[in-house]
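Here are the chains, one letter per residue:
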Amino acid sequence: MPSERFREDLKNLVPDLFRFAQSMSRNREIAEELAAETVIVAMRNWEQFRPGSNMAAWLYTIQAGIYQNMLRKNRKRSFYETDADATMVGFPAPQQSTVDLDDAFRVIETLPDEQRQAIYLVCRDGHSYEDAARILDCEVGTVKSRIYRARAAIAKAFEGEPAKVAMKA
(Lines give C-alpha, C1' and ligand atoms only; values in the text may rest on other atoms or scores of the structure.)
Protein backbone atom coordinates (compact mmCIF):
# COMPACT_ATOMS: atom_id res chain seq x y z
CA MET A 1 0.00 0.00 0.00
CA PRO A 2 1.46 3.42 -0.96
CA SER A 3 2.40 5.73 1.89
CA GLU A 4 0.28 8.74 2.78
CA ARG A 5 3.14 10.98 1.62
CA PHE A 6 3.26 9.25 -1.78
CA ARG A 7 -0.50 9.62 -2.24
CA GLU A 8 -0.43 13.29 -1.18
CA ASP A 9 2.48 14.13 -3.50
CA LEU A 10 0.74 12.30 -6.35
CA LYS A 11 -2.51 14.19 -5.70
CA ASN A 12 -0.66 17.52 -5.76
CA LEU A 13 0.88 16.69 -9.16
CA VAL A 14 -2.40 15.81 -10.91
CA PRO A 15 -2.89 19.37 -12.32
CA ASP A 16 0.64 19.24 -13.78
CA LEU A 17 -0.07 15.81 -15.26
CA PHE A 18 -3.22 17.18 -16.87
CA ARG A 19 -1.36 20.18 -18.36
CA PHE A 20 1.38 17.94 -19.75
CA ALA A 21 -1.24 15.59 -21.18
CA GLN A 22 -2.96 18.55 -22.86
CA SER A 23 0.35 19.68 -24.35
CA MET A 24 0.83 16.22 -25.85
CA SER A 25 -2.70 15.46 -27.01
CA ARG A 26 -4.23 18.91 -27.64
CA ASN A 27 -7.53 17.36 -26.59
CA ARG A 28 -9.17 17.84 -23.20
CA GLU A 29 -10.88 14.44 -23.07
CA ILE A 30 -7.72 12.59 -24.04
CA ALA A 31 -5.73 14.68 -21.54
CA GLU A 32 -8.16 13.72 -18.77
CA GLU A 33 -7.85 10.06 -19.75
CA LEU A 34 -4.05 10.28 -19.87
CA ALA A 35 -3.80 11.97 -16.47
CA ALA A 36 -6.16 9.42 -14.90
CA GLU A 37 -4.33 6.49 -16.46
CA THR A 38 -1.02 7.90 -15.23
CA VAL A 39 -2.34 8.07 -11.67
CA ILE A 40 -3.61 4.48 -11.92
CA VAL A 41 -0.27 3.19 -13.24
CA ALA A 42 1.64 5.16 -10.58
CA MET A 43 -0.54 3.72 -7.80
CA ARG A 44 -0.05 0.18 -9.16
CA ASN A 45 3.73 0.66 -9.40
CA TRP A 46 4.35 2.82 -6.35
CA GLU A 47 7.12 0.45 -5.16
CA GLN A 48 9.21 1.44 -8.18
CA PHE A 49 9.33 5.08 -7.12
CA ARG A 50 12.48 6.01 -5.23
CA PRO A 51 11.61 8.33 -2.32
CA GLY A 52 13.61 11.53 -2.54
CA SER A 53 13.79 11.43 -6.34
CA ASN A 54 11.81 13.69 -8.66
CA MET A 55 8.24 12.35 -8.58
CA ALA A 56 7.08 14.74 -11.32
CA ALA A 57 9.74 13.45 -13.73
CA TRP A 58 8.82 9.86 -12.84
CA LEU A 59 5.13 10.56 -13.50
CA TYR A 60 5.81 12.45 -16.75
CA THR A 61 7.88 9.52 -17.98
CA ILE A 62 5.00 7.16 -17.21
CA GLN A 63 2.56 9.51 -18.93
CA ALA A 64 4.71 9.90 -22.03
CA GLY A 65 4.92 6.10 -22.28
CA ILE A 66 1.15 5.74 -21.96
CA TYR A 67 0.66 8.39 -24.65
CA GLN A 68 3.10 6.68 -27.01
CA ASN A 69 1.22 3.40 -26.49
CA MET A 70 -2.05 5.19 -27.26
CA LEU A 71 -0.55 6.55 -30.47
CA ARG A 72 0.66 3.11 -31.51
CA LYS A 73 -2.74 1.55 -30.83
CA ASN A 74 -4.58 4.32 -32.65
CA ARG A 75 -2.11 4.87 -35.49
CA LYS A 76 -4.81 4.40 -38.11
CA ARG A 77 -7.44 6.35 -36.20
CA SER A 78 -7.47 10.09 -35.60
CA PHE A 79 -7.62 11.50 -32.09
CA TYR A 80 -9.92 14.22 -33.39
CA GLU A 81 -13.48 13.52 -32.40
CA THR A 82 -15.06 15.89 -34.93
CA ASP A 83 -14.05 17.68 -38.10
CA ALA A 84 -14.35 20.95 -36.17
CA ASP A 85 -11.61 19.79 -33.76
CA ALA A 86 -9.32 18.98 -36.69
CA THR A 87 -9.62 22.50 -38.11
CA MET A 88 -8.53 24.04 -34.79
CA VAL A 89 -4.94 22.76 -35.03
CA GLY A 90 -3.37 25.78 -36.74
CA PHE A 91 -4.18 29.39 -37.42
CA PRO A 92 -2.18 32.53 -38.04
CA ALA A 93 -1.03 34.63 -35.12
CA PRO A 94 -2.57 38.10 -34.83
CA GLN A 95 -0.47 41.19 -35.51
CA GLN A 96 0.02 43.55 -32.59
CA SER A 97 2.81 45.50 -30.97
CA THR A 98 2.65 43.85 -27.56
CA VAL A 99 2.78 40.16 -26.95
CA ASP A 100 -0.42 38.91 -25.37
CA LEU A 101 -0.08 35.69 -23.41
CA ASP A 102 -3.17 34.16 -25.01
CA ASP A 103 -1.73 34.82 -28.45
CA ALA A 104 1.57 33.22 -27.43
CA PHE A 105 -0.25 30.09 -26.28
CA ARG A 106 -2.16 29.99 -29.56
CA VAL A 107 1.12 30.09 -31.47
CA ILE A 108 2.62 27.42 -29.22
CA GLU A 109 -0.34 25.17 -30.01
CA THR A 110 0.58 25.32 -33.73
CA LEU A 111 4.11 24.01 -33.08
CA PRO A 112 5.05 20.40 -33.84
CA ASP A 113 4.40 18.08 -30.90
CA GLU A 114 8.08 17.65 -30.03
CA GLN A 115 8.71 21.40 -29.81
CA ARG A 116 5.49 22.12 -27.92
CA GLN A 117 6.16 19.41 -25.34
CA ALA A 118 9.73 20.57 -24.78
CA ILE A 119 8.81 24.24 -24.38
CA TYR A 120 5.98 23.42 -21.97
CA LEU A 121 8.16 21.17 -19.82
CA VAL A 122 11.08 23.61 -19.56
CA CYS A 123 9.55 27.06 -19.93
CA ARG A 124 6.11 26.60 -18.40
CA ASP A 125 6.57 23.81 -15.88
CA GLY A 126 10.14 24.71 -14.87
CA HIS A 127 11.85 21.38 -15.51
CA SER A 128 15.56 21.31 -16.23
CA TYR A 129 16.75 20.37 -19.69
CA GLU A 130 18.00 17.10 -18.20
CA ASP A 131 14.59 16.25 -16.69
CA ALA A 132 12.84 17.15 -19.93
CA ALA A 133 15.27 14.93 -21.88
CA ARG A 134 14.48 12.00 -19.58
CA ILE A 135 10.74 12.61 -19.84
CA LEU A 136 10.83 12.94 -23.63
CA ASP A 137 13.34 10.10 -24.00
CA CYS A 138 15.89 12.08 -26.00
CA GLU A 139 19.24 13.82 -25.57
CA VAL A 140 19.61 17.12 -23.70
CA GLY A 141 20.91 18.75 -26.90
CA THR A 142 17.75 17.66 -28.69
CA VAL A 143 15.60 19.34 -26.03
CA LYS A 144 17.64 22.54 -26.33
CA SER A 145 17.30 22.44 -30.11
CA ARG A 146 13.53 21.93 -29.93
CA ILE A 147 13.14 24.84 -27.54
CA TYR A 148 15.35 27.07 -29.70
CA ARG A 149 13.26 26.32 -32.79
CA ALA A 150 10.01 26.77 -30.85
CA ARG A 151 11.14 30.15 -29.54
CA ALA A 152 12.22 31.19 -33.03
CA ALA A 153 8.82 30.21 -34.44
CA ILE A 154 7.02 32.17 -31.72
CA ALA A 155 9.20 35.22 -32.33
CA LYS A 156 8.57 35.05 -36.09
CA ALA A 157 4.82 34.78 -35.53
CA PHE A 158 4.86 38.02 -33.59
CA GLU A 159 7.00 39.71 -36.23
CA GLY A 160 4.33 38.93 -38.79
CA GLU A 161 6.21 36.13 -40.52
CA PRO A 162 4.84 32.60 -40.74
CA ALA A 163 6.42 30.14 -38.33
CA LYS A 164 8.58 28.06 -40.69
CA VAL A 165 10.80 26.53 -38.00
CA ALA A 166 8.77 23.36 -37.74
CA MET A 167 11.43 20.72 -38.32
CA LYS A 168 11.30 17.67 -36.09
CA ALA A 169 14.22 17.01 -33.79
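Remember, predicted model here, so these are calculated numbers, not experimental data.

About the cut-offs
- Residues numbered from 1 in each chain as written.
- Predicted model: local features only at pLDDT ≥ 70, side-chain atom pairs only at ≥ 80, totals over all residues.
- Heavy atoms only, no water.
- Helix = DSSP H or I, 4+ residues; strand = E, 2+ residues; numbered from the N terminus.
- Buried < 20%, exposed > 50% of the residue type's maximum accessible area, 1.4 Å probe, protein only.
- Contact = heavy atoms within 4.5 Å.
- Areas by Shrake-Rupley, 256 points an atom, 1.4 Å probe, with all protein chains shown as cover.
- Core = buried A, V, L, I, M, F, W, Y, C linked by side-chain atoms within 4.5 Å.
- Salt bridge = Lys/Arg side-chain N within 4 Å of Asp/Glu carboxyl O.
- pLDDT = per-residue confidence, 0-100.

Draft legend 1. Broad picture of the overall build of the chain. A tally of regular secondary structure across the chain gives 8 helices and 0 strands. Along its sequence from the N terminus, the chain presents helices and strands in the succession α-α-α-α-α-α-α-α. Counting over 169 residues, the chain shows a buried share of 39%. For the chain, the share of sequence-separated contacts (at least 6 apart) that also reach a separation of at least 24 residues comes to 60%. Carbon and sulfur atoms form 53% of the exposed surface of the chain, whose accessible area is close to 10100 Å².

Draft legend 2. Just the nonpolar core, in detail. Membership of the largest hydrophobic core comes to 35 residues, with the highest contact counts inside it found for Leu 34, Met 55, Trp 58, Leu 59 and Val 143. In terms of residues, this core owes the most to one element, helix H3 (residues 55-73), which gives 10 residues. What Leu 59 contacts, discounting residues up to four positions off in sequence, is Leu 10, Leu 13, Leu 17, Thr 38 and Ala 42. Counting residues in each nonpolar core, the second largest holds 11 residues, with Ala 104, Ile 108, Ile 154 and Phe 158 among its members.

Draft legend 3. Looking closely at the pattern of salt bridges. As enumerated under the stated definition, the model contains 10 salt bridges in all. A salt bridge links Asp 125 to Arg 19, with the shortest nitrogen-to-oxygen separation between them at 3.9 Å. Highlighted residues: Asp 125 in the loop between helix H6 (113-124) and helix H7 (129-136) and Arg 19 in helix H1 (residues 4-25), separated in sequence by 106 residues. Residue class for Arg 19 comes out partly exposed when judged on its relative accessible area of 31%. In this structure, Asp 131 and Arg 134 form a salt bridge, with 2.3 Å as the shortest nitrogen-oxygen distance. Pair noted here: Asp 131 and Arg 134 are both in helix H7, with a separation of 3 residues, about one helical turn. Looking at Asp 131, the relative accessible area reads 12%, which means it is buried. In this structure Arg 134 comes out as exposed when scored by relative accessible area, which is 52%. Each of Asp 16, Arg 19, Arg 124 and Asp 125 takes part in salt bridges that share partners, so that together they form one network.

Draft legend 4. A look at unusual backbone geometry. Phi is positive for Arg 26, which is not a glycine, with a value near 60°. For Arg 26, the location among the structural elements is in the loop between H1 and helix H2 (28-44). In this structure Arg 26 comes out as partly exposed when scored by relative accessible area, which is 25%. Not every positive phi belongs to a glycine, and Asp 137 is a case in point at roughly 55°.

Draft legend 5. Molecular detail of the confidence of the model for the chain. Averaged over all residues, the pLDDT of the chain is 79; the fraction at 70 or higher stands at 78%. Element-level mean pLDDT values for the chain span from 45 in helix H4 (residues 83-87) up to 91 in H7. Within the model, pLDDT remains below 50 along residues 79-99, and this stretch shows 24 contacts once partners closer than five positions in the same chain are excluded. Under a pLDDT of 50 for its full length, residues 161-169 has, in the predicted model, 19 contacts with residues more than four places off or in other chains.

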